[in-house]
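Each chain is listed here by its residues.
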Amino acid sequence: MEPIIRIENIHKYFGEVHALRGVSLDIQPGEVVIVIGPSGSGKSTLLRCINRLEEYDEGEITVDGIPLDTAANINAVRTEVGMVFQQFNLFSHMTVLDNINLAQRLIRKRSRAECHRNSLALLERVGIPEKAQSYPLQLSGGQQQRVAIARALAMNPKIMLFDEPTSALDPEMIKEVLDVMLDLAKEGMTMVVVSHEMGFARAAAHRVILMADGEIVEQGPPDQVFENPQHERTKAFLSHIL
Amino acid sequence: MQSKSRIVGDAPEKVLSKVPGARPEDRIDAWWGLFLGVVVLVVVLIIFWPDPYRRILEFVADGILITIVVTVVSFVLVVIVGLLGGLARTARNRYSRGFVSLYVEIIRGIPLLVQLIFWYYALPPVIQGLGELLGIQALATFAPDPIIMAIVGLTIGYGAYMTEVVRAGIQSVPKGQIEAARSLGLTYRMAMQHVVLPQAFRTILPAIGNEFITLLKDSSLVSVVAVADMTRRGREFMSMTFIPFQTWIMVALLYLILTLFSARVVSWLEKKAQVGR
């Protein structure tokens, strides 16, 4: 099968720091990939390269057959790729409903009524329809992150990127976010998730990738990577988080 | 996360509550009192001492209108210049950034009075000379309208400060907001229009209001370049009657009514803009 995301030999420098050192990765449609690794290993940078929030210095990325080269192509890819951030990044001056409506209305050109119907259905799906008229800062962190997921889903993306979606959450709110993500995975969404949630990785991931020092050190099914790691870096890292 | 953002959101309020009269509710009451006090004072002066106070008011009345028109028209233009300047100063294009930075630095370094004199007295001869040189009749006979040149001068002068205000506002919006908007496929322009500017505007609303009040006061400088505003009419009355004390008390009180009223409107707008915070 043709991969939906093709990453070829990506290099990225932050000044002197060589953050990504020739990363190549193919992701199949419907695949759920979890990226783990110590901080500073380049996992978030790699994720942000997929929708070109981060520019890379060398290499090529193709998403759903579209190369990330021109501004028009980058925007086209972004409309098909949803992203969820560690800090939620909801638009704080808009209600929850308007947050979810915005891109549908501007990019998908849906009518106001259609946007509303869609958004309410999505809020139902993430379990907080009663918060439609609230403002983001009136919600808990877990609720904000679920709205952020609904906002990304409103564009009907083919791929969802999650950048440490539960790292800024209080422990009791992590589950409500992971449950939504688990449902998405079951429905066959292509997902790339930077996260250290081992339970989620075991339950949902088809593949776990360990990054260190800007390179992919090891990858494989979760059972294999967690139970029987091959590389010293993997063993050292897993001993810290398990 | 919620508790964290609550604290961040409440912090200025909590700090302010320790300063007497600085909480919005108290401040509004104090302003109302002061505003009404000044209005009553003016009315009392006019009724009980019509000579000279009523005469002064009648003489400067057309100046009040000129002051308001010059201020309001300039302010609208200043906001437009500030918006464009602020956007250019935060844009990726380094030429637009450089050009606007140059404008801001040069204009901020020259006294506003000198700028106003330049536009009214120094620029027209240059335009006329250019018109004669090129044989363009419309330029050669260019006669500046004092009010228009004053508005041009105030707009260019204050536009530089407003550019900085808007730039600060845009930069105060967290980077994650633009990233979220761009990740949804919004163009830079859409992200600015729907996400960044509305949030920036709320942050800088107090500063914009402050600029308006300062502009209102600085509009008195246009009296030097042949505009018959409140200040110039006051000067004319003084040189006719030789009663400087009463004249300038009256002019000062009239300015105070305008500035206090503007401050009330600004604080009302600020309160309205707090929705969702």
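Attention in this report is confined to the structure presented alongside it. (Residues numbered from 1 in each chain as written. Chains lettered and ligands numbered in written order. Predicted model: local features only at pLDDT ≥ 70, side-chain atom pairs only at ≥ 80, totals over all residues. Heavy atoms only, no water.)

**Re the overall build of chain A**
When its secondary structure is counted, chain A shows nine helices and 10 strands. Taking 242 residues into account, the globule formula puts the C-alpha radius of gyration at 18 Å, and chain A, at 18 Å, falls close to it. Carbon and sulfur atoms make up 47% of the accessible area of chain A, which totals about 10000 Å². (Helix = DSSP H or I, 4+ residues; strand = E, 2+ residues; numbered from the N terminus. Rg over C-alpha atoms; globule rule 2.2 N^0.38 Å. Areas by Shrake-Rupley, 256 points an atom, 1.4 Å probe, with all protein chains shown as cover.)

**Concerning the packing of helix H10 (residues 230–241) of chain B against helix H11 (residues 244–272) of chain B**
Residues and elements named next belong to chain B. One can describe the packing of H10 onto H11 by two numbers: an axis separation of 9 Å at closest approach and a directional angle of 165 degrees. Classified by the angle between their axes, H10 and H11 sit roughly antiparallel to one another. When the axes of H10 and H11 are compared, the crossing they make is right-handed. Across from Met230, Thr231, Gly234, Arg235, Phe237 and Met238 in H10, the residues of H11 making contact are Pro244, Thr247, Trp248, Val251, Leu254, Tyr255 and Leu258. For the contact of H10 with H11, the class distribution of residues is nine nonpolar, three polar and one charged. (Axes fitted to C-alpha atoms, helices over the stretch in contact; angles between N-to-C directions. Parallel < 35°, antiparallel > 145°, perpendicular 65-115°, else oblique. Left-handed = near helix turned anticlockwise from the far one by under 90°. Contact = heavy atoms within 4.5 Å. Nonpolar A, V, L, I, M, F, W, Y, C, P; charged D, E, K, R; others polar.)

**Some remarks on the sheet that holds strand S1 (residues 5–14) of chain A**
Residues and elements named next belong to chain A. The strand order across the open sheet built from four strands is S2-S1-S4-S5, with neighbouring strands paired in antiparallel fashion. Of all the strands in the sheet, just strand S2 (17–27) and strand S5 (66–67) have a single pairing partner and so form its edges. Looking at chain direction, S1 and strand S4 (residues 58–63) are connected through five bridges and run antiparallel. For Arg6, the partnering residue across the bridge sits in S4 and is Thr62. (Pairing = 2+ DSSP bridges.)

**What about a nonpolar patch on the surface?**
Together, Leu65, Ile68, Val69, Val72, Val73, Val76, Leu77, Ile80 and Leu84 of chain B give the surface a local cluster of nonpolar side chains, amounting to about 730 Å² of exposed area. Looking at where Val73 of chain B falls in the secondary structure, it is placed in helix H3 (residues 50–89). (Patch = residues over 30% accessible without salt bridge, like charges linked within 9 Å, V, L, I, M, F, W, Y side chains within 5 Å. Salt bridge = Lys/Arg side-chain N within 4 Å of Asp/Glu carboxyl O.)

**A word on the interface of chain B and chain A**
Note on interface size: it is often stated as the accessible area lost on association of the parts. Tallying the contact residues gives 24 residues for chain B and 33 residues for chain A. Interface of chain B and chain A: buried area, both sides summed, is about 2500 Å²; carbon and sulfur atoms make up 58% of it. Counting across the interface, chain B meets chain A through six residue pairs in polar contact (both at pLDDT 80 or more). Only helix H1 (2–16), helix H8 (175–183) and helix H9 (188–218) of chain B provide two or more residues apiece to the side of chain B that touches chain A. (Buried area = accessible area lost by both parts, 1.4 Å probe. Polar contact = N/O pair within 3.5 Å; in protein donor to acceptor, adjacent residues only side chain to side chain.)

**Regarding the packing of aromatic side chains**
All names here are of chain B. For the structure on display, the rule yields eight aromatic pairs over all chains. For the pair Trp32 and Phe35, a centre-to-centre distance of 6.1 Å together with 65 degrees between the ring planes defines the contact as edge-to-face. Placement of both Trp32 and Phe35 in helix H2 (residues 24–48) is noted, with a separation of three residues, approximately one turn of the helix. In this structure Trp32 comes out as partly exposed when scored by relative accessible area, which is 37%. Overall, the relative accessible area of 13% leaves Phe35 in the buried class. With a centroid separation of 5.3 Å and 80 degrees between ring planes, the pair formed by Phe118 and Trp119 is classed as edge-to-face. Among the residues examined, Phe118 registers a relative accessible area of 41% and is labelled partly exposed. Ring pairs connect the aromatic residues Trp32, Phe35 and Phe261, which therefore count as one cluster. (Phe/Tyr/Trp six-rings, centres within 6.5 Å; stacked < 30°, edge-to-face > 60°. Buried < 20%, exposed > 50% of the residue type's maximum accessible area, 1.4 Å probe, protein only.)

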